[in-house]
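Descriptive structure summary
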Amino acid sequence: MRKILCYALALFLLIVVDNNFAEASYCNYGNAVFFGNGMFNEQSSADSSLRRLKRMMITAGELPDEEWTFELSYNHNEGIYSLFEVYRQSMGDQAASFWRWLGGQELAPEWFQTATNEIAATYDVAEAIIDADLNRHVQRYQSLLLEGNRVLVVAHSQGNLYANAAYTNLALDSRMQMGAFGVVSVATPASRVAGGGPYFTLVNDIVIAAVDSLFPGTLDPNVANIPNFDDWTNHGFIKSYLNGNQTGPMIINSALSQANSLSWPTPQIGSGPISVTLTWGAERDVDLHVNEPDGSHVYYGNMWGSSGYLDYDDVTSYGPEHYYVVDCENLATGRYGVGVNYYSGNGPETAHVQVQAGDIIRDYSINLSAPEGSAGNSNAEPVASIEVIGDAENGYEFTVAGAGR
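Computed from a predicted structure; not experimentally measured. Here the residue index of a chain counts from 1 through its sequence in written order. Only residues with pLDDT of at least 70 get local features here, since the model is predicted, and only at 80 or more are side-chain atom pairs given and counted; chain-wide, interface and lining totals rely on the full set of residues. For side-chain calculations, the full set of non-hydrogen atoms in the structure is used, while hydrogens and water are omitted.

Pairs were defined over the aromatic rings of Phe, Tyr and Trp, the Trp ring being its six-membered one, requiring ring centres within 6.5 Å. Orientation was assigned from the angle between planes: stacked under 30 degrees, edge-to-face over 60, tilted for the rest. According to the stated counting rule, one finds 9 aromatic pairs in the structure shown. Taking 6.5 Å as the distance between ring centres and 45° as the angle between the ring planes, the aromatic pair formed by Y396 and F398 counts as tilted. Given a relative accessible area of 2%, F398 falls into the buried group. Ring pairs connect the aromatic residues F34, Y141, Y167 and F181, which therefore count as one cluster. Burial status follows relative accessibility: with a 1.4 Å probe on protein chains alone, a residue under 20% of its type maximum counts as buried, one over 50% as exposed, and anything between as partly exposed.

Below you can see the structure in the form of structure tokens.
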């Protein structure tokens, strides 16, 4: 078991618009468990499901807090079922292409892009949100795997489509050690469980029965509970599945077994109280830039700063590029500025930046119209800022904000 280093100082969380302030803890976790929510789940409902899953797993497995973390892979209600139906009508069961198109790993044909935009507009969200959610999930899993963590996703309903998609996209990257990534499926509308993990679907789940009537390849129901009159759909993650006399123990025991059976990936990047990860698309090179509180400018031309280190620099498309502060002893207080420079390519590109500061994790995307070359090194496009106060003895407080906030 990996050695654990942890500062635990959680006092309160305050969220105002895009500014996120927290008395944060930093932990070098070994096992990361995610809950992937289904359709029509508000953030508060998904958070409740995550808390229940966490409590049940910790109790059943007697898990040490310092070695396990639980996070939410939230997906918005943006009509992915409808998009999948459009795809199936056009392409049949060639699902691998669907997930690659959705995750931006391959250029989607015009008809698919049109359908994506129409469905997104119907659900009154930004057109990019369909693959923005998936990209955020993939980027987080990718960072954790590269840091040497094991990752398990317990997915419910539509969350299984995202978990399968994430697995497909991660597996395209030869650096990913997929034996460290597992999925446990609950009430799945999919025809498979990525990685061959277990699934649990109630025989009287009317939501999945409806999906199966549209997509006959949906995995067959395989378990029954004592009737539950609190949930007429027999589909709710807590009411019908975690509270089920059969499914509850099955899900928890399978999640624990699956997590503990995952292999430990070889660490390829570092982790610390601050970590910043940049990914992008097929254009050749986008660079990550971090300006530290004392004025140190960390980028490919100066990879070591006073506090942190650019330990992963990619020049062959997609990324990641990765910066981290080595440990709390090296953490300087003040402002860290995060930016990107589109160094080389042949057309517009989109940069995705994930910032982790203590317990805060935030995602930002920025559209880049044209490459700037080395001329952009001294004037990187601002993406986010991180404010740090406190000290190693008494703990640190972090504020994360998007550029311009």
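It is worth spelling out the environment of T59 at this point. Residue placement: T59 occurs in helix α1 (residues 43-61). A polar atom in the side chain of T59 sits 2.8 Å from the backbone oxygen of R55. Working definition: helices are DSSP H or I runs of at least four residues, strands are E runs of at least two. Numbering for both runs from the N terminus. Think of a polar contact as two N or O atoms within 3.5 Å of one another; within protein, one of them needs to be a possible hydrogen donor and the other a possible acceptor, and neighboring residues in sequence only count if both atoms come from side chains.

A word on the sheet that holds strand β8 (residues 181-186). Each pair of strands is called paired provided DSSP finds at least two bridges between the two strands. Reading across from one edge, β6-β5-β7-β8-β9 is the order of the 5 strands in this open sheet, with parallel pairing throughout. The open sheet has two edge strands with one neighbour each: β6 (68-73) and β9 (199-200). By definition, residues are in contact when any of their heavy atoms lie within 4.5 Å. Comment: axis = line fitted to C-alpha atoms, over the contacting stretch for helices; angle = value between 0 and 180 degrees taken between N-to-C directions. The sheet strands contacting α1 are β5 (31-36), β6 and β7 (150-156), and the helix crosses β6 at an angle near 155°.

The next point concerns helix α6 (residues 159-171). Residue count minus one, scaled by 1.5 Å, sets the expected span of a helix. Over its 13 residues, α6 extends 18 Å from the first C-alpha to the last, a length consistent with the 18 Å expected when each residue adds 1.5 Å. For α6, the tally of buried residues reaches 12 of 13 residues, placing the bulk of the element in the interior. Within α6 the residues assigned to the buried category are G159, N160, L161, Y162, A163, N164, A165, A166, Y167, T168, N169 and L170.

Of the consecutive residues G319 and P320, the connecting peptide bond is found in the cis state with omega at 10°. In the Ramachandran plot, A187 falls in the positive-phi region, its phi being about 50° despite a non-glycine side chain. Summarising the element assignment, A187 is placed in the loop between β8 and β9. By relative accessible area, A187 is classed as buried at 0%. Non-glycine residue N234 carries a positive phi angle of around 55°.

This part is about the pattern of salt bridges. For salt bridges, the criterion is a side-chain nitrogen of Lys or Arg within 4 Å of an Asp or Glu carboxyl oxygen. Across all of its chains, the model carries 4 salt bridges by this definition. The salt bridge involving R140 is made with E71; its shortest N-O contact spans 2.7 Å. Of the two residues, R140 sits in helix α5 (residues 129-147) while E71 sits in strand β6, which places them 69 residues apart along the sequence. Per residue, the accessibility class of R140 equals that of E71, and both read buried.

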